[in-house]
Amino acid sequence: MRALRANLLLLLFSLAFCLVGAELALRLLRLGFNHTPLNPSATRHHQHPTNYIFQAYSLQDEWGGFEIQTDRFGNRSLKGLCEFPAAGPKRHVLMLGDSFVEGFQVSDADSMAGQLQQQLCGAGVAVHNLGVSSYSPVLSEIQLREYQQQHPQGPVLLAGGVVVHVLYDNDLDGDQGYSSQLQPDSNGEMVVSSETQLSPLERLARVSYLARLLRRAQLTVTELGRRQEITTAQSPVASSAGDQCPRSAAELEPTRRALRAIRDRVAAAGGRYLISAVPSDPRKAPHLEPCFAQLAQELEVPYVPMAPELLRQPEAFYFTHDMHLNPQGNRYAAGQLLLALPEEVKS
């Protein structure tokens, strides 16, 4: 019995040693794999974990191998793309949107916000990437408000600066759902509180690189099985019925209210507001881009068109399997936004 107990203890110590060794090795190699880490939020439904570093990867092997870091606000960091003097940036460009702005499918330098930061660095302009997966204008309006409240420079961020809001087709449905969840908090501010919590496994993955590796292995096995059930051929999809928005005024109203609130907040702080939209890959789904152009016109907000070129050459600008823009698509979108920025911001 004593020998059995000794063998069990030896086995447990050996297992613990292997687990700790594997965790340390992954940390030294900076292989903390993750895809789109999101935590529940008490005010804007969900958000990125703060001060979080991970190695991006694609289950379809379309992208990955680069590191992504979030800052103390949970926003994607663009640190290293521009060095500012001790006095700090002269102006700011804040980018709102969902996963297309977030850009976790491309490196910092290749992302839409990263491209703008590199182009505007010489003018002393800091670009802030506030994109979060599955955000729609209702959540982006809350996020902009909170970022102003929490950031050390507060309203100065918008004074003389620009807020660039890049929309996507599912924003209209997202706003329908999120607007129904809006509730006032103790200060009377409207918030969307998540009713979910991180599972124990998700909590473990936030602190353990080994747990993230095992999760990646599980997802890879699932993806390999899924590939056996589908074909890679894609059928063309009609892009949209003309240039008219197919949604009713009532369906657009939650998005209209959120965009109006953002417009008024930016204007009150002395900034400028631009709206743009990335259409759905026409090889996968129809798009609603005319709806966003219509909303921008109704709200008298400058609109930056991207759709014509993206729709004309989707194979050049979108990933084949993933729905998002590839590096070339991000560069094109950033170029269009750069052209639309006021000259005083670019000089």
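Report on the accompanying structure. (Residues numbered from 1 in each chain as written. Predicted model: local features only at pLDDT ≥ 70, side-chain atom pairs only at ≥ 80, totals over all residues. Heavy atoms only, no water.)

1. Description of the packing of aromatic side chains
Alright, step 1. Counted by the stated rule, this structure contains 6 aromatic pairs.
Alright, step 2. When the ring of phenylalanine 54 is compared with that of phenylalanine 104, the centres are 5.3 Å apart and the planes differ by 75°; the resulting orientation is edge-to-face. One end of the pair, phenylalanine 54, is in strand β4 (residues 53–57); the other, phenylalanine 104, is in the loop between α2 (99–102) and α3 (112–120), with 50 residues separating them in the sequence. As far as the burial class goes, phenylalanine 54 and phenylalanine 104 line up, both buried.
Alright, step 3. Three or more aromatic residues link up through ring pairs in this structure, and these residues are Tyr52, Phe54 and Phe104.
Alright, step 4. The side chain of arginine 27 reaches across the aromatic face of tyrosine 209, ending 4.4 Å from its centre.
Alright, step 5. In this arrangement the basic side chain of arginine 216 is found over the ring face of tyrosine 57, its NZ or CZ atom lying 4.5 Å from the centre. (Phe/Tyr/Trp six-rings, centres within 6.5 Å; stacked < 30°, edge-to-face > 60°. Helix = DSSP H or I, 4+ residues; strand = E, 2+ residues; numbered from the N terminus. Buried < 20%, exposed > 50% of the residue type's maximum accessible area, 1.4 Å probe, protein only. Lys NZ or Arg CZ within 6 Å of the ring centre and 35° of its normal.)

2. Remarks on a nonpolar patch on the surface
Alright, step 1. A surface patch of nonpolar side chains, about 470 Å² in accessible area, is lined by Met1, Leu4, Leu8 and Leu11.
Alright, step 2. Looking at the element boundaries, leucine 4 is found in helix α1 (residues 2–28). (Patch = residues over 30% accessible without salt bridge, like charges linked within 9 Å, V, L, I, M, F, W, Y side chains within 5 Å. Areas by Shrake-Rupley, 256 points an atom, 1.4 Å probe, with all protein chains shown as cover. Salt bridge = Lys/Arg side-chain N within 4 Å of Asp/Glu carboxyl O.)

3. Describing the pairing of strand β6 (residues 91–97)
Regular strands place their side chains on alternate faces of the sheet.
Alright, step 1. Within β6, 6 of the 7 residues are buried, which leaves the element mostly enclosed by the surrounding structure.
Alright, step 2. In the sheet, β6 pairs with strand β7 (residues 125–129) via 5 bridges, with the strands oriented parallel. What sits directly across from arginine 91, in β7, is valine 125.
Alright, step 3. Pairing geometry for β6 and strand β8 (residues 162–168), over 5 bridges, is parallel. Opposite valine 93, over in β8, you have valine 162 as the bridge partner. (Pairing = 2+ DSSP bridges.)

4. With respect to the pattern of salt bridges
Alright, step 1. Scanning the model with the defined rule gives 17 salt bridges in all.
Alright, step 2. One salt bridge in this structure joins glutamate 23 and arginine 27, with 3.0 Å as the shortest N-O distance. One end of the pair, glutamate 23, and the other, arginine 27, are both in helix α1, 4 residues apart, so they sit about a helical turn from each other.
Alright, step 3. Of the residues examined, glutamate 23 reaches a relative accessible area of 15% and is grouped as buried.
Alright, step 4. On the basis of relative accessibility, which here comes to 38%, the residue arginine 27 falls in the partly exposed class.
Alright, step 5. Shared partners join several salt bridges into a network, and the residues in it are Glu253, Arg256, Arg257 and Glu298.

5. Structural notes on the side chain of aspartate 322
Alright, step 1. Mapped onto the elements of the fold, aspartate 322 is located in the loop between α11 (314–317) and α12 (327–340).
Alright, step 2. Among buried charged residues, aspartate 322 stands out as having no salt bridge; its nearest opposite-charge side chain is lysine 284, 7.5 Å away.
Alright, step 3. Within polar-contact distance, the side chain of aspartate 322 engages the side chain of histidine 324 at 2.6 Å.
Alright, step 4. Each residue touching aspartate 322, except ones within four places of it in the same chain, is listed here: Glu62, Trp63, Gln105 and Lys284. (Lys, Arg positive; Asp, Glu negative; His and termini not counted. Polar contact = N/O pair within 3.5 Å; in protein donor to acceptor, adjacent residues only side chain to side chain. Contact = heavy atoms within 4.5 Å.)

6. Describing the environment of valine 163
Alright, step 1. On the secondary structure map, valine 163 appears in strand β8.
Alright, step 2. Given a relative accessible area of 0%, valine 163 falls into the buried group.
Alright, step 3. The spacing of valine 163 and methionine 95 is 68 residues in sequence and 5.9 Å in space, taken between C-alpha atoms.
Alright, step 4. Leaving out residues up to four positions away in the same chain, valine 163 has contacts with Leu94, Leu96, Leu158, Val266, Arg272, Tyr273 and Leu274.

7. Observations concerning the nonpolar core
Alright, step 1. In this structure, Val93, Met95, Val164 and Leu337 are the most contacted members of the largest nonpolar core, which totals 31 residues.
Alright, step 2. The set of elements that each furnish at least two residues to this core consists of β6, α2, α3, β7, β8, β11 (272–278), α11 and α12.
Alright, step 3. Aside from chain neighbours lying at most four places away, what touches valine 93 is Leu120, Val125, Ala126, Val127, His128, Val162, Val164 and Val345.
Alright, step 4. Core analysis: the next-biggest nonpolar cluster, separate from the first, contains 27 residues, Leu130, Tyr147, Leu259 and Val266 among them. (Core = buried A, V, L, I, M, F, W, Y, C linked by side-chain atoms within 4.5 Å.)

8. A look at the sheet that holds β8
Alright, step 1. Taken in spatial order, the 5 strands line up as β7-β6-β8-β11-β12 in an open sheet, and their pairing is parallel. Of all the strands in the sheet, the pair left with one neighbour each is β7 and β12 (303–304).
Alright, step 2. The strands touched by helix α4 (residues 137–150) are β6, β7 and β8; relative to β6, the strand with the most contacts, the crossing angle is about 150°. (Axes fitted to C-alpha atoms, helices over the stretch in contact; angles between N-to-C directions.)

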